[in-house]
Each structure stands twice: as C-alpha cells, then as structure tokens.
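In case you want the letters, here they are:
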Amino acid sequence: MFKKYSGDMLSGLTTATIALPQNMAYALILGINPIYGIYASIFSMLTASIFNFSSYVIVGPTNMITVALYSSLNNFQGENYLQVIFLTTFLIGLFQFLLVSFNLSELIKYISHPVVVALSHGAAILILFSQIENFTGVRVSGSNVITKSTQFISNISELNYLNLAVGAATLFLIFVIPLIKKSLPEYLITVVLMTILTTTAGINQSIPLVGEIPKRIIDFHLISLDWGLIGQVYTKAFSIALLGLIQTMAVLQSLALKTDEEPNFDREFKSQGITNMVISFFSGFAISSSFAKTFANLSAGAKHRVSQFFSAISIVFFILFFRTYLAYIPVSVLAGLVIAAAIGILDFKEVIRNLKTTKGDALIFSSTFIATIVLPNIDQAIYFGVLVSLVVVLQISKKADIDMLYYDKKDDDQGYHLHHVHHKKADESEISSQQARVVDLKGAVHFSAADDLKDQLEEFFEPNTDFIIRLRNVRRIDITIIKVLEEFIDQVQENGGEIMLTGVNERLLKMFRKIGLTDKVGEGNIYLSETEYFAATNKALDFSEHEHEKKENESDENKSDENN
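It should be emphasised that the depicted structure is a prediction, and the values quoted were computed from it without experimental measurement.

Caption draft 1: Expanded view of the pairing of strand β6 (residues 467–477). For strand β5 (residues 437–445) and β6, the ladder comprises eight bridges, and the chain directions are parallel. By the bridge assignment for β6, Val-438 is matched with Ile-468. As defined by bridge partners, β6 adjoins strand β7 (residues 499–504) across four bridges and the pair is classed as parallel. Bridge pairing links Phe-467 to Ile-499 in β7. Between the parallel elements β6 and β7, the chain passes through helix α20 (residues 479–494) in a crossover that is right-handed.

Caption draft 2: Highlighting a nonpolar patch on the surface. Where nonpolar side chains cluster on the molecular surface, the patch consists of Phe-317, Leu-320, Phe-321, Phe-322 and Tyr-325 and spans about 580 Å² of accessible area. In this fold, Leu-320 is placed in helix α13 (residues 306–326).

Caption draft 3: Spotlight on the nonpolar core. Ile-38, Leu-69, Ile-85, Phe-285 and Ile-315 are the most contacted members of the largest nonpolar core, which totals 114 residues. Top contributing element to this core by residue count: helix α10 (residues 227–258), with 14 residues. In contact with Ile-315, not counting residues within four places along its chain, are Ala-16, Ala-19, Leu-20, Ile-38, Ser-41, Ile-42 and Met-45. Membership of the second largest hydrophobic core comes to 33 residues, among which are Met-404, Ala-449, Leu-457 and Val-492.

Caption draft 4: Looking closely at the packing of helix α5 (residues 113–130) against helix α15 (residues 348–356). Where α5 contacts α15, the axes come no closer than 11 Å and their chain directions differ by 140°. Between α5 and α15, the angle is such that the two are oblique. In this structure, α5 meets α15 at a crossing whose hand is left-handed. Contacts between α5 and α15 involve His-113, Pro-114, Val-117 and His-121 from the former and Glu-350, Val-351 and Asn-354 from the latter.

Caption draft 5: Expanded view of the side chain of Asn-63. Counting through the fold element by element, Asn-63 comes out in helix α3 (residues 63–73). Taking the relative accessible area as the measure of exposure, Asn-63 reaches 13% and is therefore buried. Ignoring anything within four residues of it in the chain, the contact list for Asn-63 reads Tyr-26, Ile-127, Ala-341 and Ile-345.

Caption draft 6: Expanded view of the confidence of the model for the protein. Averaged over all residues, the pLDDT of the protein is 83; the fraction at 70 or higher stands at 87%. Predicted confidence is poor over residues 423–434, with pLDDT under 50, and the contacts of this stretch with residues over four places away or in other chains come to 15 contacts.

Caption draft 7: Local environment of the packing of aromatic side chains. Throughout the structure, instances matching the rule amount to 19 aromatic pairs. Between Phe-220 and Phe-281, the ring centres sit 6.4 Å apart and the planes meet at 20°, which makes this aromatic pair stacked. A residue pair is termed long-range when its members are at least 10 positions apart, and Phe-220 in the loop between α9 (186–200) and α10 and Phe-281 in the loop between α11 (265–279) and β2 (288–289) qualify at 61 residues. Here Phe-281 falls in the partly exposed class, since its relative accessible area comes to 23%. Considering the side-chain rings of Phe-309 and Phe-310, the 5.8 Å spacing of their centres and the 65° angle between planes classify their relative orientation as edge-to-face. Judged by its relative accessible area of 34%, Phe-309 falls in the partly exposed class. By relative accessible area, which is 18% here, Phe-310 ends up buried.

Caption draft 8: Expanded view of the pattern of salt bridges. Going through the model one piece at a time under the given rule, you end up with nine salt bridges. Note that Glu-462 is salt-bridged to Arg-437, the shortest N-O span being 3.9 Å. With Glu-462 in the loop between α19 (450–460) and β6 and Arg-437 in strand β5, this pair connects stretches of sequence that are 25 residues apart. Assessed through its relative accessible area of 5%, Arg-437 is described here as buried. One salt bridge connects Lys-520 with Asp-490, and the closest N-O pair in it is separated by 3.0 Å. Linking Lys-520 in helix α22 (residues 517–521) with Asp-490 in helix α20, this pair joins segments that are 30 residues apart in sequence. You can call Lys-520 partly exposed: its relative accessible area is 30%. Residue Asp-490 is classed as partly exposed on the basis of its relative accessible area, which comes to 27%.

Thresholds, definitions, all that
Residues numbered from 1 in each chain as written. Predicted model: local features only at pLDDT ≥ 70, side-chain atom pairs only at ≥ 80, totals over all residues. Heavy atoms only, no water. Pairing = 2+ DSSP bridges. Helix = DSSP H or I, 4+ residues; strand = E, 2+ residues; numbered from the N terminus. Right-handed = clockwise from strand over helix to strand, strands pointing away. Patch = residues over 30% accessible without salt bridge, like charges linked within 9 Å, V, L, I, M, F, W, Y side chains within 5 Å. Areas by Shrake-Rupley, 256 points an atom, 1.4 Å probe, with all protein chains shown as cover. Salt bridge = Lys/Arg side-chain N within 4 Å of Asp/Glu carboxyl O. Core = buried A, V, L, I, M, F, W, Y, C linked by side-chain atoms within 4.5 Å. Buried < 20%, exposed > 50% of the residue type's maximum accessible area, 1.4 Å probe, protein only. Contact = heavy atoms within 4.5 Å. Axes fitted to C-alpha atoms, helices over the stretch in contact; angles between N-to-C directions. Parallel < 35°, antiparallel > 145°, perpendicular 65-115°, else oblique. Left-handed = near helix turned anticlockwise from the far one by under 90°. pLDDT = per-residue confidence, 0-100. Phe/Tyr/Trp six-rings, centres within 6.5 Å; stacked < 30°, edge-to-face > 60°.

This is the structure in structure tokens:
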C-alpha cells in the first residue's frame, strides 16, 4: 500500500509547501488572521478528497475567489465580520450544490470568455491594491481602485521603508528561486528565509508580524442563519458561486489537455458545493479549484485523489510542529506572496487577443474590466459583464446569416455555377435576367434577425423570377422568421415567380406541413436534403430552367398564332 501511494504522499507534501503560505496570505486579503486560511486549506482538502472525482485537482482559497469575497463583504467589517464570511461561504456552497442538482450549472456556459478574462485581470488589480497597507505601511481605505489610489497618495508620508524593503525582497526571491531550480517550493523557501533574516537582523521589531497562531486545529461552530443577513448577502454569494464553478471548469479543461482524465464537471461542481458548506462550520472561507496547486500536484507525481488528503495532513503536521515560528512571519512577506500571485494572473497576450479578435469581444472585455476595478463589489461586475455579453449577442443575432446567390450555366456546361450576388465577375445582366436566385439561410435564424432578413429579401427580389430558399444549413428557425418567408413567398408568387424550398430535412418538413407552408409552396416544390451538397438545389434549378423554357415556347406559339 505504501508503494502504491508513495507518489501521492510526496505530491501531497509538495502541494502543502505551496498551499500553507499562500492560503495564510489569502486570509490577509480578507483582513482576518492567517489561521483562517489554514483552516480553509485543511478542511477543504479533507472534504474534497472524499467527494472529488479528479485524481489531480487540489481545492482551497484562490486569489480570485478571495478577492471576490473581500470586495463583496468589505462593508460588513466589524464585530460579526467572521460570522458574515462563514455564512456567505455556506450560501456559496449551497448555491453550487443546488445549481448542479437542478441541472442549472449550464448557466456558466453563458458567461463569455472575455468576461472571465476581464474578471481575472480586474481581480489581479484589486488584489494588488488590497495589499498596499500590508506591503508599504500606508493606510488606505475606499471601495475601489480610484479611491484607494487617492488615499495612498494622500497618506504617502506614512510609508514604512523597512516594510517596503521586506516586501520587495520577498517578491525578488519568489521570482528568482524558480530560475535556480523550477522544482524548488519558492513560496515556502521565501517565507522561511525572510522570517529568519528579519528575526536575526532585529527588523521584526519595526514591522508588523503575523503574531500568535491559535493552538487548536479544529474550530467547529454552528452557522448563524440570520435571515436579515442572508437577505443582504445572497446575491453576492450567488455570483461568487458562479465564479467558483467557472474557475473549476477552467482547471478541469486545462487538466484534460495534459492528462487522459475525462472531466466530470457535475461531480466536481457538486463536490465544491459540499466542500464550501462543510468548511463554513470549521472556520474556513470560500474555496475553489486552484490552478497553481493542482498543477503542482500533477507535476509532483500524484496518481490518486488521496494526494489531496496527504496535503491536508502535511499542513496539520506543519502547524503542530512549527506553530510557534509562524508568529514571526512578517505581514509584508505574506503581502508579497499575495502580490506575486496577482502578478501571475496577468497575461498580456490573452488581453490583446480579447481586444483584437472582434469588436464585441473588445467591448465585453473592456467594460467588464473597468466595472471590476471601479464598482464597489465584484459581484456587480460579474452581473454587468453578463449583461454586456447578452447585449452583444443580441446585437449580433439581429443580422441574418444569409447568402444571396445566383447561378449561370452555359450550353456546354454539365452543371451550374453558383455565385454570390456580389461576386467580382458577376454581370448585372445575368443577375437581373429571368433566372432562379438562391437564398441560402444558415445556422439558427431567430426572431431578432427578422427585420434584417426582410430587408435583404426585399433588396434581392426581382419580379418574374424563381427563387430557391436553401435550408440545408439551418439548425433552428422560429415562427417570426417563417412569417417573413411567407410574406416573401406571396410576393414572389404574385409577381410571376415560383418558390422552391431545398435541403429540407424531415423535422422541417413536418413543421411546414403543420403550419400549412407546404400548401402555400406546393409539395412538388419542396426538395429534401441529400448527401451531396447542392444536389437538391440543382434539381430545383433544373426545374426552374425547364419551366422557363416551357413558358418561352408557349409564348412563341401564342405569338405565331396571333401573326397567323
């Protein structure tokens, strides 16, 4: 058994060396004792090791979730602040559990990628500003980046140069140690080195320290279900619940690219909900799947989800034997860890991609990012980002995905040549001649595109011309679009033309029969989709050509009779 799990024991220990200092530092973001970061680490890992599906995922406090929690609950700081944090954590877990249980976790797929990128980069800025006081000693207050910046400039005379030097040295070590050897636990080594250095040099007398860490490993308490308080925090809890699921989904998708493990989203989401509910009773604050800890666990050789259990036990071991020494850790060192983690979030290439891909993506990213750093609470930024995404999607869906085509065929050609109406070689006489035109509808055509479709059809219309409406690539069509097509069919038929529907599948045919569209067009003018592209359309073109030849012959005969 030892041999079977030896790799998981080693990976658990390795992950613990990262999780312990990081999660203590994340407690500072919330403005609470670092012991609560330790509680969150231990009990989230123990719970998730039971309910998780993935062999590699490590849960715990993360920078984004912690800053979301802080920005949402900042106004509650005071006597009952911890109780508010634990209640909100419980509600976050409850919402996550219910979303999965009622198959509503699909909601997160409607939060676009630019929103997630903007939130993460905005959160990184918020994290940086949340540590100004711990890093520099300058008192700051305010609900957003602008007010905190103003406060910092106003109180710059309070700058503690020793505090700043210790914080800067911390950042230097965190970024230099991996250059020496990537496998070294840079966070743990940095904390140990800086604590020894500040203690032996006597600097710790002039800078804030973590202070005494409580002896107890288990701090169980019942959640106070204050309905008035629940009414104030439930919307915040819901938005953070969504954010936690988004982060977990991103971790699982990244893992799937590096391992052969098939992600089980529902199982992981439900596990996260249970874990958040459980840790709220053990003085833990909201957690999610962690990128840094998960990939450290994978790189260290984890094979089973028990590695997370060994990570929790390793943290317990550290606390039992080294608790006394934790009191001497400078607060500015933990602030340096938090700032390093925030800098690690920043990905300027990804930002540029979101700004350059489409105008819609650029608008969603920019507006969500600004909202994140300006609005008082990050949950407002989440809802704002989703709203902007929805507006952009609705704006895009107002445009009908449609190609207007015409065909030509010379006497010696075996088949038809289909061209776009704006084809550079198109000859106006060919386009306006009495030949069939093809309206090629695509994708999901919704009611929002009705006006655009109507305008395009009116522009394309030509009297005494047959029209083929190609439906092979239509995934969905609604009654508003069908009404637009019916009006166009009436217009064509009243002006001496025929309408043919091609590429019609069985589902569409059944719908058209129910609503009477087949009677209007005629069953003979409906061509079912075939395996060969444009096969049904070519049949319709043949029919149109023969009908025109027939009409021309009849017209010539009538003229001949009149002359006689």
